[in-house]
Amino acid sequence: MELDAIQKDALAEFGNIGAAHAATTLSQMLMSPIEMTVPEVQAVDIAELHNYISNEISAVVVFQIQGEVADGGYIVVSMPRETVIQLTNRMLGTTDADREINEMDQSAAIEIGNIMISAFLDATAELLDIVMLPSPPALAIDMAHAAFESIIAQMAGDVNDVLIFNTELTSEAPPVYGGIYLLPNAELMQQLFLMLKRLMEPLP
Amino acid sequence: MGELRVGTCPMGTIGLGSCIALILHDQRRSLAGLAHIMLPESHGNTDRPGKFADTAISVLLEEMEKFGSTKFSIAAIVVGGAKMFQFSADSLNIGERNAAVVKDLLQEQGIRIEYEEIGGKVGRSVYYWPEKKGRLIIKRADGTCIAL
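Residues numbered from 1 in each chain as written. Chains lettered and ligands numbered in written order. Predicted model: local features only at pLDDT ≥ 70, side-chain atom pairs only at ≥ 80, totals over all residues. Heavy atoms only, no water.

Draft legend 1. Examining the interface of chain B and chain A more closely. Counting from both sides, the interface comprises 32 residues of chain B and, opposite them, 32 residues of chain A. Carbon and sulfur atoms supply 57% of the area buried between chain B and chain A, which totals about 2500 Å² over both sides. Its salt-bridge partner being Asp-45 of chain A, residue Arg-48 of chain B comes within 2.6 Å of it at the nearest N-O pair. Summed over the shared surface of chain B and chain A, the result is twelve residue pairs in polar contact (both at pLDDT 80 or more). Those elements that place two or more of their residues in the side of chain B that touches chain A are β2 (11-16), β7 (124-129) and β8 (135-140) of chain B. Residue classes in the side of chain B that touches chain A are distributed as 14 nonpolar, ten polar and eight charged. (Contact = heavy atoms within 4.5 Å. Buried area = accessible area lost by both parts, 1.4 Å probe. Salt bridge = Lys/Arg side-chain N within 4 Å of Asp/Glu carboxyl O. Polar contact = N/O pair within 3.5 Å; in protein donor to acceptor, adjacent residues only side chain to side chain. Helix = DSSP H or I, 4+ residues; strand = E, 2+ residues; numbered from the N terminus. Nonpolar A, V, L, I, M, F, W, Y, C, P; charged D, E, K, R; others polar.)

What follows is the structure in structure tokens.
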């Protein structure tokens, strides 16, 4: 899968708007500023995925993209274990950072994912003037690569590469680090290109 | 993911979730093949044989036969096929089906399974050294590690 420069730009801008809304939401939740990188859009061969997704133990919260785009692919929030613990501590006012992930952390991860992804999809759907909704979330606390593998197995039956939008979110206090990944399937991608092209056309 | 390799040098695969690491080992020749299988059936898709259980097994066997192995001297190790996601519809949990198909196909081919670690809820990394009897290390995401 080859993307030309315009397609890459359009997709990056699309991701940028979604991720900016997600970051703002997280920042409001934590009442502290969140920094965000400009999303990178890459077509990644499945055999090379380990170069893009770490093997670190993370909370991976995944949503299927639904709405007008039927089974549009997946959107994922991935946060390393330490970040999840920090976030739960922050939200509950607890301080023990040196512990295993517990049930409270798991529901916090899901809730944070839910709120961020809803913001992401709301903003991007509005831009495109369509309805995009997240499915109920699924959670894995595991090696991030192992979790992504299961998602990609669902998508890459016929193709050998997937389009990954990767945005990193960081914050100083509390130290938060995580990423949002959008994994559109082929149909959604085509739809995105079309709609983005239309948006960029000059008004008649 | 989706790759396969045959040879005498160490091989491995990291961050295995619903996928299966299938290792075929010929002790006599210190030769092994490893495939990182993503999905059960290829439905005629042949561009990446390591990706699907049915094509991975036949290509691994073919490659190993080129080095002189016969089915009778080959034993299998099957690792992976975890159910990674909680609260999810079953669509994300392809692991169980992957494992079942790999085992069926091995039985069909008459290949003995020497060791299996299938299912569960944890991701795994697998490393294999084909020399002599073969050495297997499985690191699980929960921190446990086994060596054979």
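Draft legend 2. Quick look at unusual backbone geometry. Here Asp-129 of chain A, not a glycine, exhibits a phi torsion of approximately 60 degrees, which is positive. Turning to its location among the elements, Asp-129 of chain A is positioned in the loop between α3 (103-128) and β5 (132-134). Although it is not a glycine, Lys-132 of chain B sits at a positive phi angle of roughly 50 degrees. With respect to the element layout, Lys-132 of chain B can be found in the loop between β7 and β8. Residue Lys-132 of chain B is classed as exposed on the basis of its relative accessible area of 68%. (Buried < 20%, exposed > 50% of the residue type's maximum accessible area, 1.4 Å probe, protein only.)

Draft legend 3. Representation of the sheet that holds β8 of chain B within the structure. All names here are of chain B. One open sheet accounts for four strands, arranged β2-β7-β8-β9; its pairing is antiparallel. Across the chains shown, the open sheet's two edge strands, defined by having one partner strand only, are β2 and β9 (145-147). On average, adjacent strands in this sheet sit at an angle of 10 degrees to one another, irrespective of strand direction. Here β8 pairs with β9 via three bridges, running antiparallel. Each residue of the ladder has a partner; that of Lys-139, found in β9, is Cys-145. (Pairing = 2+ DSSP bridges. Axes fitted to C-alpha atoms, helices over the stretch in contact; angles between N-to-C directions.)

Draft legend 4. Representation of the pattern of salt bridges within the structure. All names here are of chain B. Throughout the structure, instances matching the rule amount to ten salt bridges over all chains. Close ionic contact of Arg-5 with Glu-3 constitutes a salt bridge, the shortest N to O distance being 3.8 Å. The exposure class of Glu-3 is partly exposed, given its relative accessible area of 34%. It is possible to trace a salt-bridge network through shared partners that takes in Glu-117, Arg-124 and Arg-140.

Draft legend 5. Representation of the confidence of the model for chain A within the structure. The predicted model of chain A has a mean per-residue pLDDT of 85, with 98% of residues at 70 or higher. The lowest-confidence element of chain A is helix α5 (residues 186-200) of chain A, averaging 79 in pLDDT; the highest-confidence one is strand β6 (residues 138-143) of chain A, averaging 91. (pLDDT = per-residue confidence, 0-100.)

Draft legend 6. Highlighting the sheet that holds strand β5 (residues 74-80) of chain B. All names here are of chain B. Here five strands make up an open sheet; going across it, the order is β1-β4-β3-β5-β6 and the pairing mixed. The open sheet has two edge strands, β1 (4-7) and β6 (112-118), and neither has a second partner. On average, each strand axis in the sheet is tilted by 10 degrees relative to the strand beside it, whichever way the strands run. Here helix α2 (residues 95-109) sits on the sheet and contacts β3 (20-26), β4 (31-37), β5 and β6; the angle it forms with β3, its principal contact strand, is near 20 degrees.

Draft legend 7. Broad picture of the environment of Ile-151 of chain A. All names here are of chain A. On the secondary structure map, Ile-151 appears in helix α4 (residues 144-155). What makes Ile-151 buried here is its relative accessible area of 0%. On a C-alpha basis, the gap between Ile-151 and Ile-75 in space is 9.8 Å, while along the polypeptide they are 76 residues apart.

Draft legend 8. Structural detail: the side chain of Glu-149 of chain A. Mapped onto the fold, Glu-149 of chain A is located in helix α4. The side chain of Glu-149 of chain A sits in the buried core without any salt bridge; Arg-124 of chain B is the nearest counter-charge, 8.9 Å away. A distance of 2.3 Å separates a polar atom in the side chain of Glu-149 of chain A from the backbone nitrogen of Gly-17 of chain B. With residues up to four places along the chain from it excluded, the contact list for Glu-149 of chain A reads Met-1, Gly-15, Leu-16, Gly-17, Ser-18, Cys-19 and His-36 of chain B. (Lys, Arg positive; Asp, Glu negative; His and termini not counted.)

Draft legend 9. Layout of the UniProt feature "domain: CheC-like protein" (unreviewed entry) in chain A. All names here are of chain A. Mapped onto this structure's residue numbering, the UniProt feature "domain: CheC-like protein" (unreviewed entry) falls at residues 6-41 and 106-139. Helix makes up 69% of residues 6-41 and strand makes up 11%, while its end C-alpha atoms are separated by 12 Å. In residues 106-139, the share of helix is 68% and the share of strand is 15%. The end C-alpha atoms are 8 Å apart. (UniProt positions renumbered as here; feature names shortened; annotations may be inferred.)

Draft legend 10. A look at the packing of aromatic side chains. Taken as a whole and judged by the stated rule, the model has two aromatic pairs over all chains. Aromatic side chains Phe-14 of chain A and Phe-165 of chain A sit 6.2 Å apart centroid to centroid with 65 degrees between the ring planes, which places their arrangement in the edge-to-face category. Here Phe-14 of chain A, found in helix α1 (residues 5-30), pairs with Phe-165 of chain A, found in strand β7 (residues 161-171); they are 151 residues apart in sequence, far enough to count as distant. With a relative accessible area of 2%, Phe-14 of chain A lands in the buried category. When the centroid spacing of 5.0 Å and the interplanar angle of 75 degrees are considered together, the rings of Phe-148 of chain A and Tyr-181 of chain A count as edge-to-face. Of this pair, Phe-148 of chain A sits in helix α4 while Tyr-181 of chain A sits in strand β8 (residues 176-184), and the two are 33 residues apart along the sequence. Assessed through its relative accessible area of 0%, Phe-148 of chain A is described here as buried. Residue Tyr-181 of chain A is classed as buried on the basis of its relative accessible area of 12%. For the cation-ring pair, Arg-135 of chain B lies above Trp-129 of chain B, with the distance from its terminal atom to the ring centre recorded as 4.3 Å. (Phe/Tyr/Trp six-rings, centres within 6.5 Å; stacked < 30°, edge-to-face > 60°. Lys NZ or Arg CZ within 6 Å of the ring centre and 35° of its normal.)

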